[in-house]
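Coordinate analysis (summary)
Below are the chains, spelled out letter by letter.
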Amino acid sequence: MASQRVFPLSCVVQQYAWGKMGSNSEVARLLASSDPQARISEDKPYAELWMGTHPRGDAKILDSRISQRTLGQWIAENQDCLGSKVKDTFNGKLPFLFKVLSVDTALSIQAHPNKELAEKLHLQAPQHYPDANHKPEMAIALTSFQGLCGFRPVEEIVTFLTKVPEFQFLVGDNATAQLKQSLSHDSQAMASALKSSFSHLMESKKQLVVEQLNLLVKRISQQVAAGNNVEDICGELLLQLHQQYPGDIGCFAIYFLNLLTLKPGEAMFLEANVPHAYLKGDCVECMACSDNTVRAGLTSKFIDVPTLCEMLSYTPSPSKDRLFPPKWSQEDPYLSLYAPPVPDFAVMKMEVPGSVTEYKVSALDSASILLMVQGTVTASTPTAQAVIPLQRGGVLFIGANESVSLKLTVPEDLLIFRACCLL
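Definitions and limits used
- Residues numbered from 1 in each chain as written.
- Predicted model: local features only at pLDDT ≥ 70, side-chain atom pairs only at ≥ 80, totals over all residues.
- Heavy atoms only, no water.
- Domains from an automatic or database assignment.
- Contact = heavy atoms within 4.5 Å.
- Buried area = accessible area lost by both parts, 1.4 Å probe.
- Salt bridge = Lys/Arg side-chain N within 4 Å of Asp/Glu carboxyl O.
- Helix = DSSP H or I, 4+ residues; strand = E, 2+ residues; numbered from the N terminus.
- Nonpolar A, V, L, I, M, F, W, Y, C, P; charged D, E, K, R; others polar.
- UniProt positions renumbered as here; feature names shortened; annotations may be inferred.
- Buried < 20%, exposed > 50% of the residue type's maximum accessible area, 1.4 Å probe, protein only.
- Polar contact = N/O pair within 3.5 Å; in protein donor to acceptor, adjacent residues only side chain to side chain.
- Core = buried A, V, L, I, M, F, W, Y, C linked by side-chain atoms within 4.5 Å.

1. Here we look at the domain arrangement of the protein
Assigned domains within the protein: domain 1 (6-95 + 345-420) and domain 2 (103-324). The gap between the C-alpha centroids of domain 1 and domain 2 is 33 Å. Contact with domain 1, which involves 16 residues of that partner, is made by 19 residues of domain 2. Per-residue buried area on domain 1 facing domain 2 is highest for W18, K20 and F345; these three make up 44% of the total on that side. On inspection of domain 1 and its partner domain 2, the count reaches two salt bridges. Looking at the side of domain 1 that touches domain 2, the elements with two or more residues in it are helix 1 (26-34), strand 17 (346-352), strand 19 (368-374) and strand 24 (414-420). Of the residues in the side of domain 1 that touches domain 2, the class split is nine nonpolar, two polar and five charged.

2. Thoughts on the UniProt feature "active site" (unreviewed entry) in the protein
UniProt annotation of "active site" (unreviewed entry) refers to R295 when read in the numbering used here. Take R295: it is sitting in strand 14 (residues 294-297). Those residues in contact with R295, other than ones at most four positions away along the chain, are S108, I109, Q110, K301, F302, I303, D304 and V305.

3. Quick notes on the UniProt feature "binding site: Zn(2+)" (unreviewed entry) in the protein
The UniProt feature table records "binding site: Zn(2+)" (unreviewed entry) at Q110, H112, E137 and H276. Across 167 residues, the annotated set stays spatially compact, with a maximum C-alpha separation of 12.1 Å. Mapped onto the fold, E137 is located in strand 9 (residues 137-141). Taking the relative accessible area as the measure of exposure, E137 reaches 3% and is therefore buried. Excluding residues within four positions of it along the chain, E137 makes contact with H112, M268, F269, L270, H276, Y278, E285, C286, M287 and F345. Polar side-chain contacts of E137 include one of 3.1 Å to the side chain of H112.

4. Digging into the environment of A346
Looking at where A346 falls in the secondary structure, it is placed in strand 17. As a C-alpha pair, A346 and S182 span 164 residues in sequence and 37 Å in three-dimensional space. Sequence-distant contacts of A346, that is, excluding residues within four places in its chain, are made with L337, Y338, A339, P340, R418, A419, C420 and L422.

5. Some details on the nonpolar core
Within the largest apolar cluster, 58 residues are counted, with the highest numbers of intra-cluster contacts made by F167, F198, L201, L238, F252, Y255 and F256. Not counting residues within four places of it along the chain, the set of residues in contact with L201 comprises F167, L170, V171, I249, F252, A253 and F256. Core analysis: the next-biggest nonpolar cluster, separate from the first, contains 45 residues, Y46, L49, C81 and V86 among them.

Below, the structure is given as structure tokens:
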């Protein structure tokens, strides 16, 4: 029935150790706002909220007219709700996973393979690479959100090699000299030198890494104690990462990778083969449905340094180039669109002032998932018999070609994110 193509969802919370604790977590705060009966444990991490059909976090449908099922089960029996193009392109499955992340501890130096490499890794080591899909991701900040993304300009890396002798020791004299010389050569020579120097660092013997890291931590700690500014060598961040992951090679990666601090609403897109790490803050994230992650540091999970060093895109760029700006809609003054260059997903952000009494969520030729970050409304559709109350933390599944009217029940601004697939 058409009336059952729009319904609220109960989504899965993942309590990974790196998440923010209790009510410090935006995930926990959204959960508490959407469900007054939810009990938030202040001594537990609330790391991720999963909104989608992933086997490890398939959302439950909250609709008395639909027998108790998960969203994945329902879509399998109602594939037309995906939209014709999405259904045909992605074999009758929802192609994206929508999330909220609350990060307190750094979340691994990593990259995701393209489809070709994903298929190869899955064949070779399915225990570590459990599927054959790529995993592009996009993070949109909800609060100040800090992360590492892509290689810094080589000039910046060379400056760190001069200022941080412990870093230069691990990269080695030859690779350092090659990188400095590449500044006067073409981009191909620069990429080759960057790959050589990064690989030398990441393949360093553990004992040497621990020794050099201890020396650097001691030196920075003494400078901080003396009241000196250590910003020019990312001193505070180095101490923070070392405290979280003592003796980890990933601590040195900050000298190779751009450090971004996203303001709320700013985004970064992580295409295949781009090295990155989330460090701290809250964001919404959308990604292709995959679990393929190649890691090399700041993690307790499986590490695959040779694969990571071989696969990476060694294209340096300034940090401002890693920002992914949205485009404002011509038709809707309250809507902006984050549409990365992949077919799997896009995200819409709707900021509606509280003075507006009713807002229409347009129909798309795609299933979508809507998250209320701020505001209180009732949702109705032309075909539904009853309205659906939605408040902060509420999640709504919207079938393809369904429009939804949101009536503000409290005159406060709305902040809404909507994940979809625009083919």
